[in-house]
Amino acid sequence: MKAVVWHGVGDIRLEDVTEPKIEHPSDAIVRITGSAICGTDLHFVRGTVPGMRPGTILGHEGVGVIEELGPQVRNFAVGDRVVIPSTIGCGRCVYCRAGYYAQCDVANPNGRDAGTAFYGGPAETGPFDGLQAEYARIPYAHTNLVPIPPGVTDEQALTVSDIFPTGWFGARLAQVGEGDVVCVLGAGPVGQLAALSARIQGAGRVLIVDGHADRLETARLQNAETIDFNTEDPVEVVKELTGGIGADRVIEAVGVDAERPAGGPAAEHMDERAAAEFEHELAEVAPETNVQGRQWKPGDAPSLALRWAVEMVAKAGTIGIVGVYPPNHMHFPLGMAMQRNLTVQAGNCNHRRYMPGLLSRIAAGGADPTTVISQQEQVPSVIEAYQAFDRREPGWTKVVLEMSG
Ligand SMILES: NC(=O)c1ccc[n+]([C@@H]2O[C@H](COP(=O)([O-])OP(=O)(O)OC[C@H]3O[C@@H](n4cnc5c(N)ncnc54)[C@H](O)[C@@H]3O)[C@@H](O)[C@H]2O)c1
Ligand SMILES: [Zn+2]
Ligand SMILES: [Zn+2]
């Protein structure tokens, strides 16, 4: 079968690989009809989240049709349409039972303290072969498959594999409530759906910060107030728009590949000391890179979105962090957060917890997350699609891959 395989930093290939087989009685094999490229995949290819094992199939977003079931999967039948949660839980440990699927005690073969188990990630996350393939093996399939309700399209369901629940989770971590002024950092797919989720969860106003006009425009069409960090200082603008108070809640949807402003007042406000700190952080998180022209270039300001979050939130406000940082990232402005009585929550999304509710909402016409999907690509062009998404070319916000017919 065809799959996208990680060989090294800056080296991914579309290859023929062996099809997966049932290995445990609670496994399922899913024929993947649709997968997608996520900002998280970029961290692995750029080298800013280290530890990938060569040969791992990439991808953690997928919808498909059940091809084969192990004897212990009793809640599905061959032929069912399903969406796959990005993170893997066992469905029986205390963490899964409490809804903390991303902290499952059992699913990660490296042990209960190894961290979140998910598809297509570094060695310490399993590794599990990913979903940018024609077929995938799904462990604990009773829990790690969710049926797609009638009337919900593959495209809609695909957003529920990762980005919509992650946006929802980001708004929950930020404790969004009725009337809150919420600022979302990052207008990638996760940030866009965090904005939508914040609105559904009661936000009065939603502000959103990015440096790409096309992404900001998509967010504005959802009624978000847009701020371009290349022409304005986002901290100043958020203060100005909120009568000097700041945002009640901030959702950080950027992660370790955060970029410095290319110009404007935010660039002018960055002193040499901050620049030197970013260089140091980058050397720490990404000792190995493989930049090819404009391709696979890590962000040049790993902690900048975290700094802006702490500076733009109101006193005693809350920050929810869903942008991904590797375990060796050690830089958070704790002093300022402490002095301002902030609440800060962060984490990998417990996808499975939110998926059924979000699917019901979509089925009922209560949310359409597909506004973020901008490109549909077929298998032969997946590597080019990765490259365009990596360069953040206009219109390449969320790429859906048609893996098999
Ligand atoms: N916690 C989770 O479970 C989870 C799940 C999915 C994705 N993620 C993470 O969420 C983040 C966003 O994912 P995505 O798919 O939307 O990625 P993306 O790369 O498409 O989007 C990131 C956006 O941030 C913007 N950006 C860069 N520097 C910025 C800055 N200084 N301030 C504001 N915006 C800035 C970029 O222009 C881009 O539009 C990534 O770190 C990804 O790994 C986390
Ligand atoms: Zn993802
Ligand atoms: Zn578990």
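Definitions and cut-offs
- Residues numbered from 1 in each chain as written.
- Chains lettered and ligands numbered in written order.
- Predicted model: local features only at pLDDT ≥ 70, side-chain atom pairs only at ≥ 80, totals over all residues.
- UniProt positions renumbered as here; feature names shortened; annotations may be inferred.
- Pairing = 2+ DSSP bridges.
- Helix = DSSP H or I, 4+ residues; strand = E, 2+ residues; numbered from the N terminus.
- Axes fitted to C-alpha atoms, helices over the stretch in contact; angles between N-to-C directions.
- Near = placed C-beta within 6 Å.
- Nonpolar A, V, L, I, M, F, W, Y, C, P; charged D, E, K, R; others polar.
- Domains from an automatic or database assignment.
- Buried ≥ 20, exposed ≤ 12 C-beta atoms within 10 Å, placed from the backbone.

As recorded in an unreviewed UniProt entry, the chain goes by the name Threonine dehydrogenase-like Zn-dependent dehydrogenase, listed as coming from Thermomonospora cellulosilytica. Looking at the Cofactor (unreviewed entry) heading of the UniProt record, one finds this comment for the chain: "Zn(2+)". One UniProt comment on the chain, placed under Sequence similarities (unreviewed entry), says "Belongs to the zinc-containing alcohol dehydrogenase family."

This part is about the sheet that holds strand β14 (residues 343-346). Spatially, six strands are ordered β11-β10-β9-β12-β13-β14 in an open sheet, and the strand pairing comes out parallel. Bordering the open sheet on either side are β11 (225-228) and β14, each of which pairs with just one other strand. Strand after strand, the sheet turns through a mean of 20° between neighbouring axes, direction not considered. Summarising the sheet, strand β9 (residues 181-185) and strand β12 (residues 247-252) pair through four bridges and their orientation is parallel.

The next thing to look at is the site of ligand 1. Around ligand 1, the structure places 34 residues, and the nearest of them are Gly 39, Gly 186, Gly 188, Gly 255 and Val 324. Its residues placed into classes, the shell around ligand 1 shows 16 nonpolar, 13 polar and five charged. Lining the shell around ligand 1 are residues from two domains, each supplying at least three of them: domain 1 (2-162 + 350-402) and domain 2 (164-346).

Cross-referencing UniProt, the feature "domain: Alcohol dehydrogenase-like C-terminal" (unreviewed entry) maps to residues 189-257 in the present numbering. The straight-line gap between the two end C-alpha atoms of residues 189-257 is 15 Å; of that span, 42% is helix and 23% is strand.

Turning our eyes to something else, we now look at unusual backbone geometry. In this model, Gly 126 is joined to Pro 127 through a cis peptide bond whose omega is -15°. When you line up the elements, Pro 127 lands in the loop between α2 (94-97) and β7 (135-138). Phi angles above zero are rare outside glycine, and Gln 175 is one such case at about 60°. On the secondary structure map, Gln 175 appears in the loop between α5 (163-173) and β9. Note on Gln 175: 16 C-beta atoms within 10 Å, which makes it partly exposed. The backbone phi angle of Arg 392 is positive, close to 50°, even though this residue is not glycine. One can find Arg 392 in the loop between α14 (382-390) and β16 (399-402). Judged by local crowding, Arg 392 falls into the partly exposed class, with 18 C-beta atoms found within 10 Å.

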